[in-house]
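Overview (structure and organization)
In case you want the letters, here they are:
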Amino acid sequence: MKKTAIGSSLLLFLAACIWGVAFVAQSVGMDYMGPFTFNGARFLIGGTVLLPVVYGRVQKKKNTPRRIVPAVTLKGGICCGLAICAASLFQQIGIMDTTVGKAGFITTLYIVIVPVLGLFLHKKVAGKVWAGAFVAAAGMYLLCMNESFSVGRGDALVFICAILFSVHILVIDYFSPKADGVALSCIQFYTAGLICAVAAFFIEKPAMGQILAGAAPILYAGVMSCGIAYTLQIIGQKNLEPAVASLILSMESVVSVLAGWVILGQELSEKELFGCALVFAAVILVQLPERRKK
C-alpha cells in the first residue's frame, strides 16, 4: 500500500473516531438542554468552522473546475440541510432512550439501507447487499428486542434516523458532481442550524445558562464532529476507493460502543453484543469488492 493511501486511511479512521465519540457528546448534551437547542447550536458552530475553508477555496476560484455551479451548490446545500436536520433530530431524541453503543450501530445501518433505497432509483443491487440486509436484520433483532419482544422507543427513533441519513447520502450523491463539497457542507449546516434554532425558541425556550453549562459537548459536536471530521473525510477520500473509505468510516459504530463503555460506563449484554457483531458483519459484507469477470 502506498504511503499516500496509508495516510488517507489514517485520516478517515480519525474522522470515524471523532464521529464515534460524538455519540457520547450528544448523550451528555441532553443533560443540559433539549434536542432542538443542542442541534441548533452545534450545526451553527459547524458551519462557522467551515467558513475559513470556504473563503480559502473562493480565493482560488480560478482553479475551480467548470463543472462546479454555485446555484447547484446552494440548492444542494439547502436540500442536504433539510435531510440532515430531520435525521439528526430523530437521532438526538432517540439517543435519550437508548445507549450510545446501540445508537452507533443502528445509525451505521445506512450503509445497508442506501443500496436498498437505490432500487427506487432504478439502481442495480448486488446479491451481497440482500445477504447483508438479512444479517443486519438478525443483528437488529438481538440488539433492540427486549424480554417483552418489543422495540424500545429510542431504538425505533434512531432506526428512522438511519433511514433519513440514507436519504441524506443519496441527496449528496445527486448534487456533489456539480457542487463544491465544503461549501455544500457549510450551507447544509447553516440550514439545519437555523431550522433547529428557530424551532427551539418555540418548543424548548432555550436559555443561555443551558448552553454555557453544556458548552463542552456542544463544542465537540460542532467543531470536531461537524467541522473537522468532515474536512478530514474530504481530504482522506481523495486517494482511496469509495468502498474502502466507507468501510473505514463505518468504524464509528465500534468507537461509539467503546466510548459509551469507557466514558459513560454503559454496558451491553451478551445477546446485544452478538447483535452488534452481526450488524458490523453486515456492514463489512456490503463493502466487500465484487469479483471481476474474466
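To be clear, the structure that these remarks concern was listed above.
All chains use their own residue numbering, which begins from 1 and follows the written sequence. Side-chain atom pairs in this predicted model are given and counted only at pLDDT of 80 or more, local residue features only at pLDDT of at least 70, and totals for whole chains, interfaces and linings cover all residues. Heavy atoms from the whole structure form the basis of all side-chain values; hydrogens and water molecules are not counted.

1. Regarding the overall build of the protein
Put simply, DSSP H or I for four residues or longer makes a helix, DSSP E for two residues or longer makes a strand, and each gets a number counted from the N terminus. Along its length, the protein carries 13 helices and zero strands. Starting at the N terminus and walking to the C terminus, you meet the elements of the protein as α-α-α-α-α-α-α-α-α-α-α-α-α. Only protein chains enter the calculation, and the probe is 1.4 Å; a residue is then buried if its accessible area is under 20% of its type maximum, exposed if over 50%, and partly exposed in between. Looking at the 294 residues of the protein, the share that counts as buried comes to 47%. The contact criterion used is simple: two residues touch if any of their non-hydrogen atoms lie within 4.5 Å. Looking at the protein alone, contacts between residues at least 24 apart form 90% of all its contacts between residues at least 6 apart. Only the protein chains shown count as cover for residues, and the accessible areas themselves come from Shrake-Rupley with a 1.4 Å probe. Carbon and sulfur atoms make up 70% of the accessible area of the protein, which amounts to about 15200 Å² in all.

2. As for a nonpolar patch on the surface
A cluster of nonpolar side chains, contributed by L258, W261, V262, I263 and L264, occupies part of the molecular surface with about 510 Å² of accessible area. Looking at where L264 falls in the secondary structure, it is placed in helix α12 (residues 252-264). Note on L264: relative accessible area 31%, which makes it partly exposed. For patch detection, residues must exceed 30% relative accessible area and be free of salt bridges, and they are connected within 9 Å for like charges or within 5 Å for nonpolar side chains (Val, Leu, Ile, Met, Phe, Trp, Tyr). Salt bridges are defined as contacts in which a side-chain nitrogen from Lys or Arg sits within 4 Å of a carboxyl oxygen from Asp or Glu.

3. What to know about the pattern of salt bridges
By the definition in use, this model includes one salt bridge. In this structure, the salt-bridge partner of R153 is D97, at a minimum N-O distance of 2.4 Å. With a gap of 56 residues between them, R153 in helix α7 (residues 153-175) and D97 in the loop between α3 (70-94) and α4 (100-107) connect regions that are remote in the sequence. For R153, a relative accessible area of 53% corresponds to the exposed category. D97 gets classed as partly exposed once you look at its relative accessible area, which sits at 45%.

4. A short note on unusual backbone geometry
Even without being glycine, K205 reaches a positive phi, approximately 55 degrees. Mapping K205 onto the fold places it in the loop between α8 (181-203) and α9 (208-213).

5. Digging into the packing of aromatic side chains
Any Phe, Tyr or Trp ring, taking Trp's six-membered ring, that has another such ring centre within 6.5 Å forms a pair; planes under 30 degrees apart are called stacked, those over 60 apart edge-to-face, and the others tilted. What the rule picks out here adds up to two aromatic pairs. Arranged with centres 6.0 Å apart and planes meeting at 15 degrees, the rings of F43 and F189 form a pair that is stacked. Taken together, the residues span a long stretch of sequence, with F43 in helix α2 (residues 35-59) and F189 in helix α8 at a distance of 146 residues. Comparing F43 with F189, the two get one shared label, buried. Centroid distance Y174 to F175: 5.0 Å. Interplanar angle 90 degrees. Geometry classified as edge-to-face. Since its relative accessible area comes to 8%, F175 is described here as buried.

6. Some details on the environment of P35
Relative to the helices and strands, P35 is located in helix α2. Owing to a relative accessible area of 12%, P35 belongs among the buried residues under this scheme. For the pair P35 and Q92, spaced 57 residues apart in sequence, the C-alpha to C-alpha distance is 5.7 Å. The contacts of P35, once residues within four sequence positions are left out, are M30, L89, Q92, I93 and E204.

7. Re the packing of helix α5 (residues 110-118) against α7
Note on definitions: angles span 0 to 180 degrees between N-to-C directions of axes, and those axes are lines fitted to C-alpha atoms, for helices only across the stretch in contact. α7 packs onto α5 with a crossing angle of 60 degrees between their chain directions and a minimal axis gap of 9 Å. Accordingly, the angle class assigned to the pair α5 and α7 is oblique. Crossing hand, α5 versus α7: right-handed. Contacts between α5 and α7 involve Y110, I113, V114 and L117 from the former and F159, A162, I163, S166, V167, I169 and L170 from the latter. In these notes the angle categories are as follows: under 35 degrees is roughly parallel, over 145 is roughly antiparallel, 65 to 115 is roughly perpendicular, and the rest is oblique. Rotating anticlockwise by less than a right angle from the far helix to the near helix defines a left-handed crossing, while the corresponding clockwise rotation defines a right-handed one.

8. Overview of the packing of α3 against α7
At a minimum axis separation of 7 Å, α3 and α7 run at an interaxial angle of 170 degrees. When the interaxial angle is binned, α3 and α7 end up roughly antiparallel. The residue classification treats Ala, Val, Leu, Ile, Met, Phe, Trp, Tyr, Cys and Pro as nonpolar and Asp, Glu, Lys and Arg as charged. All others, Gly included, are polar. The residue inventory of the contact of α3 with α7, partitioned by class, reads 18 nonpolar, six polar and two charged.

9. Focus: the side chain of T191
Looking at where T191 falls in the secondary structure, it is placed in helix α8. Think of a polar contact as two N or O atoms within 3.5 Å of one another; within protein, one of them needs to be a possible hydrogen donor and the other a possible acceptor, and neighboring residues in sequence only count if both atoms come from side chains. A polar atom in the side chain of T191 sits 2.8 Å from the backbone oxygen of I187. Filtering out sequence-adjacent residues up to four positions away, T191 remains in contact with G77, I78, G81 and L82.

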